[in-house]
Amino acid sequence: MPSPARARQIALDELKSSDLEGWAALAADAAEPNPFFEPEFVLAAARHLGEHDVSLLVVQDAEHWLACLPVQTTRIARMMPGLRTWNHLYCFLGTPLLHPLDPAAAARSLLALAVGSGRLLALEGLGDGGPACEAVRHAAGALGLTAVTEAVHERALLKRRPDGDYLAALRSHRRRELNRLGRRLEAELGAELSVTDLCDDPSSVDSFLELERSGWKGRGDTALGSRGEHAKFFRSVCESFARDGRLQMLALSAGERTVAMKCNVYAGNGGFCFKIAYDEELGRFSPGVQLERENITRFHENRPEAWQDSCADPENDMINRLWPDRRRIFTTVLARPGARAAVSRQGLKAAQVIRDMERKRSSPTS
């Protein structure tokens, strides 16, 4: 590294213009991409989602930001003081941004700051198997930190296949059924189905919000458009990513009628599925699944990225049947050895289970 690194914790409202520039540069060149921790995403969420006490753990040298992790102070397992990764309702990945030059050193400084003064650190939703996760594990070992508890799950992923056959594992009768439903949908609406990317159309964001709100999410007040500030958050994120050419807003239509929409964002060599909505009046034709098939085709034929993360619940049967690959996501609680690390493993696990249940009840399905 060009100069000695220093670590600091800084509140979002204390960020200077130079900080924002350093943060953006790190996000653009991170060892592992995470759009949910980019400044446009984090700042929009803090501004519109009613979250408080959000700060950044930052490692930097004289020229660059080397690491960044949004956190909140908490009492882990309602017992021990600590920090946790800031994962709000619309954040689907908790991997820290690390500079590619020496991610292990950056992660070591980041973790050392986080567990200072005997605090615990809850790292939530890290993508496993990549350079950032490897750096975090190496750093934890180098600092002698103890993993008090750890939980792992898998979710659907698309890895680029040269032959383009992503549906090889889908049973033949299911393929035939989807084709049949597609033809029936076309007959119902009197027009052929077509897919358009509306990323350059600012009105597409409102079209998505309206479509999502027209269904069960709207009736349950969990749609983005049901809550004004959440809609503003979505608009802000879409505008920012569209401006950078990293938004994809797919619309499946028949004639003048839009039957499903899907919003994806892109960072580094990967894509991330953000939100999907469909016309429930046509639910018997599985319009959402029809669009997911088209999304796979678009990924293969029109996108350069190596993979696409579904960001879906691990128990999402529809996406699990369509997408052949999996990504491991893990959560761990780190502590320095000694009394802090001796806190009850069972207590932490129970608290995590409760937390996951509460989050699932309050979180709108993507």
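An account of the accompanying structure is given in this report. Fair warning: this is a prediction, and the values are worked out from it, not measured in the lab.

## Let's talk about the overall build of the chain
Within the chain, the regular secondary structure consists of 11 helices and 13 strands. What you see for the chain is a C-alpha radius of gyration of 21 Å, in line with the 21 Å of a compact globule of 366 residues. Across the chain, every contact between residues at least 6 apart in sequence was considered, and the portion connecting residues at least 24 apart equals 76%. Split by element, the accessible area of the chain, about 16200 Å² in all, is 48% carbon and sulfur. For the chain, the distance from the average position of its 48 positive side-chain charges to the average position of its 49 negative side-chain charges is 6 Å.

## Observations concerning the pairing of strand β13 (residues 325-335)
The element β13 is largely enclosed, with a buried count of 9 among its 11 residues. Relative to β13, strand β6 (residues 120-127) runs antiparallel, the two sharing 5 bridges. Along β13, the bridge assignment pairs Leu126 with Phe330. Pairing geometry for strand β7 (residues 146-159) and β13, over 11 bridges, is antiparallel. Following the sheet pairing, Leu157 is matched in β13 by Asp325.

## Remarks on the packing of helix α3 (residues 103-114) against helix α4 (residues 131-142)
Two elements in contact, α3 and α4, have axes separated by 8 Å at closest approach and are oriented at 55°. Comparing their axes, α4 and α3 come out oblique. Considering how the two elements wind past one another, α3 and α4 form a crossing that is right-handed. Where α3 approaches α4, its residues Pro103, Ala104, Ala107, Arg108 and Leu111 are matched on the opposing element by Ala135, Val136, His138, Ala139, Ala140 and Ala142.

## Concerning the packing of helix α6 (residues 203-213) against helix α8 (residues 228-243)
Viewed as axis vectors pointing N to C, α6 and α8 meet at an angle of 145°, and their least axial separation amounts to 10 Å. Considering only the axes of α6 and α8, their crossing is right-handed. Facing α6, whose interface residues are Val205, Asp206, Phe208 and Leu209, α8 presents Ala231, Phe234, Arg235 and Cys238. Residues of the contact of α6 with α8, tallied by class, amount to 6 nonpolar, no polar and 2 charged.

## Structural notes on the packing of aromatic side chains
Summed over all chains, the structure comprises 15 aromatic pairs. Ring plane angle 40° and centroid distance 5.8 Å describe the contact between Phe234 and Phe274, whose orientation is recorded as tilted. Of this pair, Phe234 sits in helix α8 while Phe274 is found in strand β11 (residues 270-278), placing the two residues 40 residues apart along the sequence. Looking at Phe234, the relative accessible area reads 0%, which means it is buried.

## Regarding α3
Side chains three or four residues apart in an α-helix point the same way, a direct result of the helix having 3.6 residues per turn. The end-to-end C-alpha distance of α3 is 16 Å, a good match for the 16 Å that 12 residues give at a rise of 1.5 Å each. Pro103, Ala104, Ala105, Ala106, Ala107, Leu110, Leu111 and Ala114 are the residues of α3 that are buried.

## What to know about the pattern of salt bridges
One pass over the structure, following the stated rule, counts 22 salt bridges. Residues Arg155 and Asp309 are paired through a salt bridge, measuring 2.8 Å at the closest nitrogen-oxygen approach. One end of the pair, Arg155, is in strand β7; the other, Asp309, is in strand β12 (residues 307-309), with 154 residues separating them in the sequence. For the pair Arg155 and Asp309, a shared accessibility class is recorded, and that class is buried. Note that Arg246 is salt-bridged to Asp244, the shortest N-O span being 3.6 Å. When its relative accessible area of 43% is taken as the criterion, Asp244 is described as partly exposed. Where salt bridges share partners, they join Glu32, Arg155, Asp309 and Arg327 into one cluster.

## Topic: the side chain of Arg246
With respect to the helices, strands and loops of the structure, Arg246 is situated in the loop between α8 and β9 (247-254). From its side chain, Arg246 meets the backbone oxygen of Tyr266 in a polar contact 2.8 Å long. Discounting chain neighbours no more than four positions away, the residues touching Arg246 are Glu38, Phe241, Asn264, Val265, Tyr266 and Ala267.

## A look at unusual backbone geometry
For Asp221, which is not glycine, the phi torsion reads 60° and is therefore positive. Turning to its location among the elements, Asp221 is positioned in the loop between α7 (216-219) and α8. Relative accessible area serves as the criterion here: at 51%, Asp221 is assigned to the exposed category.

The rules behind these values
- Residues numbered from 1 in each chain as written.
- Predicted model: local features only at pLDDT ≥ 70, side-chain atom pairs only at ≥ 80, totals over all residues.
- Heavy atoms only, no water.
- Helix = DSSP H or I, 4+ residues; strand = E, 2+ residues; numbered from the N terminus.
- Rg over C-alpha atoms; globule rule 2.2 N^0.38 Å.
- Contact = heavy atoms within 4.5 Å.
- Areas by Shrake-Rupley, 256 points an atom, 1.4 Å probe, with all protein chains shown as cover.
- Lys, Arg positive; Asp, Glu negative; His and termini not counted.
- Charge placed at Lys NZ, Arg CZ, Asp CG, Glu CD.
- Buried < 20%, exposed > 50% of the residue type's maximum accessible area, 1.4 Å probe, protein only.
- Pairing = 2+ DSSP bridges.
- Axes fitted to C-alpha atoms, helices over the stretch in contact; angles between N-to-C directions.
- Parallel < 35°, antiparallel > 145°, perpendicular 65-115°, else oblique.
- Left-handed = near helix turned anticlockwise from the far one by under 90°.
- Nonpolar A, V, L, I, M, F, W, Y, C, P; charged D, E, K, R; others polar.
- Phe/Tyr/Trp six-rings, centres within 6.5 Å; stacked < 30°, edge-to-face > 60°.
- Expected span 1.5 Å × (residues − 1).
- Salt bridge = Lys/Arg side-chain N within 4 Å of Asp/Glu carboxyl O.
- Polar contact = N/O pair within 3.5 Å; in protein donor to acceptor, adjacent residues only side chain to side chain.

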